[in-house]
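Spelled out from the first residue to the last, the chains are:
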Amino acid sequence: MLKKTTFLCFVMVLLGLSDPSFTQTIESPETVFGFKMGTDRRLINWQQITGYFQRLHEQSPRVQVVSLGKTTLGRNMIMAIISSEETMAELEKYKSIQKQLARPFDLEEFKADALIQAGKLVFIITLNIHSTEIAASQESVELAYELATTGDARTRKILNNLIILIVPSLNPDGQDMVTKWYLQDVGTEFEGSRMPQKYHHYADHDNNRDWFFFNLIESRNVARVLYHDWYPEIVMDQHQMGSRGARLFLPPYSDPPNPNVPPSLMAGVNMLGKHVVSDLHDQGLTGLVTGTIFNAFFEGTMSKTPLWHNRIGILTEAASVRVASPTFFPGTSLKGMGKDLPEYMQQTNFLAPWPGGWWRLRDIIDYEKAATYSMLDLAATYKDKFKRNFYRLNKKAIEQGKQGGPFAYVIPAKQHDPSNSIELLRRLRIANVDVYQADSDFETSSGRFQAGDFIVPLAQPARAYVKDLMEVQHYPDLREFPGGPPQRPYDVTAWTLPLQFGIEAHEIEAPFTAAMSYIESPAFEPKQTAFDSGWVAAERRFNHSYKLVNYLLSAGIGVYEKIQADSVFPAGTFQFQFTQKDSARLQGAFRKFAIPMRQFGDTLHVRKIKNARIAVYQPWIPWAYDEGWLRLVFDDFGFEYSVVQNDDFKSRSRLKSKYDVLIFGSQSPDWIVLGKSGKATEPVIGTPMVRKQFTGGIGKVGVDKVMRFLNEGGTALFFGKAVDFAIEKLNLPATNVLKKAKRDEYFAPGSFFEMQLDLTSPLSRGLRKVVSIYKNSPVVLQLKPYSAEIRETGFFAARNVLQSGWAIGEKKLYRNVALAEIPIGQGTVVLYAFRPQHRGQTYGTFKLIFNTLYRDWR
């Protein structure tokens, strides 16, 4: 007679419920943590998540957990690799197959067919990039446990055909912050209230806009998986959205499509999305929507950027709760979602509206997990089809590139700022774009280029990615209805890298030949980095010169700048003197920052510079992204700064006693002064309360304090919408002529424009006469007569100022001012009618900030 436990295991195997060899040792998340994932008001934090994945790593032959590296704040970022026991024993073999299919330069079709049949489809699931969208991180342990222990036919099919990569959180720092913030308030009036800090140290929600620029270490960690190690064919990124519309969004995406993404690939995206909708309807789930709000035109999100690398990219968006607190939705509280679902009612892309009722964290997990299994099952069923399309698209990209149109991009080594061109190329390499350097001079249809110039050929798998990043964007003129106002895009409409970096790049249409060498790590190597003691100069046109200067100042070495230009150096050139004792330590810094240095004799007409005491205003509003990206830029370039918050503007101490420069990121006046929109209404009863110390703005007393700071000699910088605050609250002699413009009169939702500079201003030192600026706010200036001299430092020409993206009413910019310096008392206000550090990407305009950050810069 069988023992009871043996008989139970025998029955479970017959029913295909689990694998007894694992269930004897692996405890479920519910057992380990004492509650089912998704239970109301219960969460696990990052330490608990990584601890559970380590259990699976140690106890299941189906699971291997690897470290992807450290996060911004030093936490360990992990990924789980899950497949059948047989596959896990040969992971290196399958990695090799993936690389051959992803980079099939010499791979013939018949050989590819053999690899496709022998290989496994790699499916990556990324979770919880937006930390308040907490459900996916809780789902991660349950999903991994089920894949590690279940033995039913569907799971076996999935594991036998796929290698599944699970990243439990793309932002572990934020996952931990949000979890702890929420749990401390459970059972109080603050339960479910917003966390006042950014859940990513720099980016908050904008961390999902970094996937072609790779400013953030988390993005770079995962880029190695996507483009260097595993080359997954399918990418699924799980999110949450607003709570009053559909329950779950799936592709197809809304219009417009991006012309550089292959149609067959988008058809695959559509097939997966529609398959899931059908599957989930069969399971009785309702409230599924497709084809609204979320489009695939913008390159930069985790789920979409892989499309330009010939991978299927799937975004899912589930309706939210208040972190882990349930919400009841009466039927009449539910609303439509954008132009493609104007009302909450049945239509082709919304076949079964959810009727309303309670919505819980567990519901989000159930919907997302059902969608995940549906996709995994389809991917396993059509493994060869998806892999073959991946190979063929990569091969086609290579062949298309050989034909030209374009054939390559050439980036000359000799640039106004070579350090910026190297920064651009380094970011391309993070995504495994092939970069070469010419060994000798060469001819093209666009002219002759020199040895040392960089070549980015289009005959490579990432052809669409390179083309999309390097070319000018032409966003279609979409309207809400015929003759109506412009339809808001999902995000920005332009991201052209040469414009962002302010460099020269040439698109070469026709094929050419050149002797060239592959460059693994692009670098600018100055001819001379070793010097005797004496005077050395670094030109201000190099962004990296500021890194060097900040390093020297922190090392206690005196730095000077030329006040007047001479026959050798332009005004503003950095100069410093060092002894033989300093030489050894400085040679390494010269090489690190890759700045061409020039040694010379005695210097004339210079003044010693010191770091200004910088203050960056940080509101208790985590979605005020500008200050976070500014901090990232400052940290990268070595500028020391302090963060000031509302209380600093209400204390008795004088700002000028502590700071020389005060910076306000792009926020409207009401948000700065009041900490909320001027149209805000009283919260509905039951809405979570926010602690008083995390509400409000700088107040009227803060406005007065800013004015006193200026009168006492301070410099205040205002970016984007904050220009309106400066004009209205400080009564400046300027007008924002777009302040009351309607959307059909002026609209530029993230585009690049050409700005002319007054090169006599110290603000423009190191720059050329014409620069590209990023604008996404309706701000442009006309200045008024004033008792002191005002500088119109940056201004628009009389025509054709749009360079990339989309703009309605471009003419309203003509002949108006984009950058102004206005003296106030002993101080200066600088108004930027644009965002000079947009997402830490606009390297071409960083100097317009940096030049204000040394004392007595004027």
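Draft legend 1. Representation of the overall build of the protein. For the protein, the count of helices and strands is 25 helices and 34 strands. For the protein, the C-alpha radius of gyration of 28 Å lies close to 29 Å, the compact-globule estimate for 858 residues. Seen through its C-alpha atoms, the protein measures out along the principal axes to roughly 100 × 70 × 60 Å. Burial analysis of the protein (858 residues in total) assigns 60% to the buried set. Nonlocal contacts in the protein, meaning residues at least 24 apart in sequence, comprise 80% of its contacts between residues at least 6 apart. Carbon together with sulfur atoms contributes 50% to the accessible area of the protein, which is approximately 33000 Å² in total. The distance from the centre of the 100 positive side-chain charges to the centre of the 89 negative ones in the protein is 4 Å.

Draft legend 2. Layout of the environment of Ile808. Of note, Ile808 is situated in the loop between β32 (802-804) and β33 (817-824). It is 23 Å that separates the C-alpha atoms of Ile808 and Leu783, two residues lying 25 residues apart in sequence. Residues in contact with Ile808, not counting those within four places in the same chain, are Asp477, Arg479, Pro486, Arg743, Asp744, Glu745, Tyr746 and Phe747.

Draft legend 3. Local environment of unusual backbone geometry. Between Pro251 and Pro252 the backbone carries a cis peptide bond, its omega angle lying at 15°. Inspection of the secondary structure puts Pro252 in the loop between β6 (248-250) and α12 (263-282). Residue Gly405 is joined to Pro406 through a cis peptide bond whose omega torsion reads -5°. Within the fold, Pro406 resides in the loop between α14 (383-403) and β11 (408-411). You will see that Arg41, though not glycine, has its phi angle at about 65°, which is positive. In this structure, Asn800 takes a positive phi of about 50° despite not being glycine. Within the secondary structure layout, Asn800 lies in the loop between β31 (791-795) and β32. A relative accessible area of 58% places Asn800 in the exposed class.

Draft legend 4. Summary view of the sheet that holds β6. Reading across the sheet, the eight strands line up as β1-β2-β4-β3-β5-β8-β6-β7 and stay open at both edges, with mixed pairing between neighbours. Two strands close off the open sheet at either side, each with one partner strand: β1 (63-70) and β7 (288-290). Taken pair by pair, the neighbouring strands of this sheet meet at an average axis angle of 20°, ignoring direction. Relative to strand β4 (residues 162-167), strand β3 (residues 121-127) runs parallel, the two being bridged by six bridges. Bridge assignment links Thr126 to a residue of β4, and that residue is Val167. Strands β1, β2 (76-82) and β4 of the sheet are contacted by helix α4 (residues 46-59), whose axis makes an angle of about 35° with β2. Where helix α13 (residues 361-381) meets the sheet, its contacts fall on β3, β4, β5 (234-241), β6, β7 and β8 (312-319), and the angle it forms with β5 comes to roughly 165°.

Draft legend 5. Inspection of the pairing of β11 at higher detail. Here β11 shows a buried face lined by Ala408 and Val410 and a second buried face lined by Tyr409 and Ile411. Looking at chain direction, β11 and strand β15 (residues 454-457) are connected through four bridges and run antiparallel. What sits directly across from Ala408, in β15, is Pro457. Of the strand pairs in this sheet, β11 and strand β16 (residues 506-508) are connected by three bridges, and their pairing is antiparallel. Residue pairing in the sheet places Ala408 in a bridge with Ile508 of β16.

Draft legend 6. Geometry of α13. Here α13 is 21 residues long and its end C-alpha atoms lie 30 Å apart, about the 30 Å a rise of 1.5 Å per residue gives. For α13, the tally of buried residues reaches 18 of 21 residues, placing the bulk of the element in the interior.

Draft legend 7. Representation of the nonpolar core in the model. Among the nonpolar cores identified, the biggest contains 224 residues, and Phe53, Ile164, Ile166, Tyr465, Phe634 and Phe850 are the most heavily contacted of them. In terms of residue count, the dominant contributor to this core is α13 (twelve residues). Not counting residues within four places of it along the chain, the set of residues in contact with Phe850 comprises Tyr546, Val633, Phe634, Phe637 and Phe639. Of all hydrophobic cores here, the second largest spans 35 residues; its members include Phe664, Ala726, Val779 and Leu781.

Draft legend 8. View of the packing of aromatic side chains. Throughout the structure, instances matching the rule amount to 52 aromatic pairs. Centroid distance Phe328 to Trp358: 5.6 Å. Interplanar angle 65°. Geometry classified as edge-to-face. With Phe328 in strand β9 (residues 327-329) and Trp358 in strand β10 (residues 357-359), this residue pair connects regions lying 30 residues apart in the sequence. Here the aromatic rings of Tyr436 and Tyr518 are separated by 5.4 Å at their centres, their planes lie at 80°, and the arrangement is edge-to-face. One end of the pair, Tyr436, is in strand β12 (residues 436-438); the other, Tyr518, is in strand β17 (residues 516-518), and 82 residues separate them in sequence. Assessed through its relative accessible area of 37%, Tyr518 is described here as partly exposed.

Draft legend 9. Representation of helix α9 (residues 153-161) in the model. Within the span of α9, buried status applies to Thr155, Ile158 and Leu159. For α9, the angular spread of buried residues about the axis comes to 90°, placing them on one side. Those residues of α9 hidden inside the fold are in contact with β2, α5 (85-88), α8 (135-149), β4 and α13.

Draft legend 10. Representation of the pattern of salt bridges. Per the counting criterion, the structure on display carries 51 salt bridges. In this structure, Glu85 engages Arg156 in a salt bridge whose closest nitrogen and oxygen atoms are separated by 3.1 Å. With Glu85 in helix α5 and Arg156 in helix α9, the pair connects residues that are 71 residues apart, well separated along the chain. Take Glu85: its relative accessible area is 22%, and that puts it in the partly exposed class. By relative accessible area, which is 23% here, Arg156 ends up partly exposed. Ionic pairing is found between Arg691 and Asp185, a salt bridge with its closest N-O pair at 2.7 Å. Here the residue Arg691 occupies a position in the loop between α22 (669-674) and α23 (699-711), and Asp185 occupies one in the loop between α10 (172-184) and α11 (217-229), the gap between them amounting to 506 residues.

Draft legend 11. Region of the structure containing the sheet that holds strand β19 (residues 559-562). Taken in spatial order, the five strands line up as β21-β18-β20-β19-β22 in an open sheet, and their pairing is antiparallel. With one partner strand each, in any of the chains shown, β21 (597-600) and β22 (606-608) form the two edges of the open sheet. Each adjacent strand pair in this sheet contributes to an overall mean axis angle of 35°, direction not counted. Where strand β18 (residues 534-538) lies against strand β20 (residues 574-578), five bridges are found, and the strand directions are antiparallel. Along β20, the bridge assignment pairs Ala538 with Phe574. Where helix α18 (residues 543-554) meets the sheet, it contacts β18, β19, β20 and β21, and its direction lies at approximately 40° from that of β20. Contacts between helix α19 (residues 580-593) and the sheet are confined to β20 and β21, with β20 contributing the most and set at about 140° to the helix.

Reading the values: the criteria
Here, residues in each chain are numbered from 1, in the same order as that chain's written sequence. Thresholds applied to this predicted model are a pLDDT of at least 70 for local features of residues and 80 or more for the giving and counting of side-chain atom pairs; totals over whole chains, interfaces and linings are not thresholded and use all residues. Working from all heavy atoms in the structure, the side-chain values ignore hydrogens and water. Starting at the N terminus, helices and strands are each numbered in turn, a helix being any DSSP run of H or I of at least four residues and a strand any DSSP run of E of at least two. With C-alpha atoms as the basis for the radius of gyration, the globule rule is written as 2.2 Å multiplied by the number of residues raised to the power 0.38. Accessibility here uses a 1.4 Å probe with only protein chains present; expressed as a share of the type maximum, an area under 20% marks a residue as buried, one over 50% as exposed, and anything in between as partly exposed. Any pair of residues with heavy atoms lying within 4.5 Å of one another is described as a contacting pair. Surface accessibility in these figures is a Shrake-Rupley result with a 1.4 Å probe; residues are shielded only by whichever protein chains are displayed. Positive: Lys, Arg. Negative: Asp, Glu. His and the chain ends are not part of the count. The atom standing in for a charge is NZ when the residue is Lys, CZ when it is Arg, CG when it is Asp and CD when it is Glu. In short, DSSP must find at least two bridges between two strands for them to pair. All axes are obtained by fitting lines to C-alpha atoms, using only the stretch in contact for helices, and the reported angles, taken between N-to-C directions, cover 0 to 180 degrees. A helix is expected to reach a length of 1.5 Å times the quantity of its residues less one. Side-chain atoms within 4.5 Å are what join buried Ala, Val, Leu, Ile, Met, Phe, Trp, Tyr and Cys residues into a set we call a nonpolar core. In this scheme Phe, Tyr and Trp rings, the latter by its six-membered ring, pair at centre separations within 6.5 Å, and the angle between planes marks the pair as stacked below 30 degrees, edge-to-face above 60, and tilted otherwise. This arc corresponds to the set of directions leading from the helix axis out to the C-beta atoms. The term salt bridge refers to a pairing of a side-chain nitrogen on Lys or Arg with a carboxyl oxygen on Asp or Glu at a separation within 4 Å.

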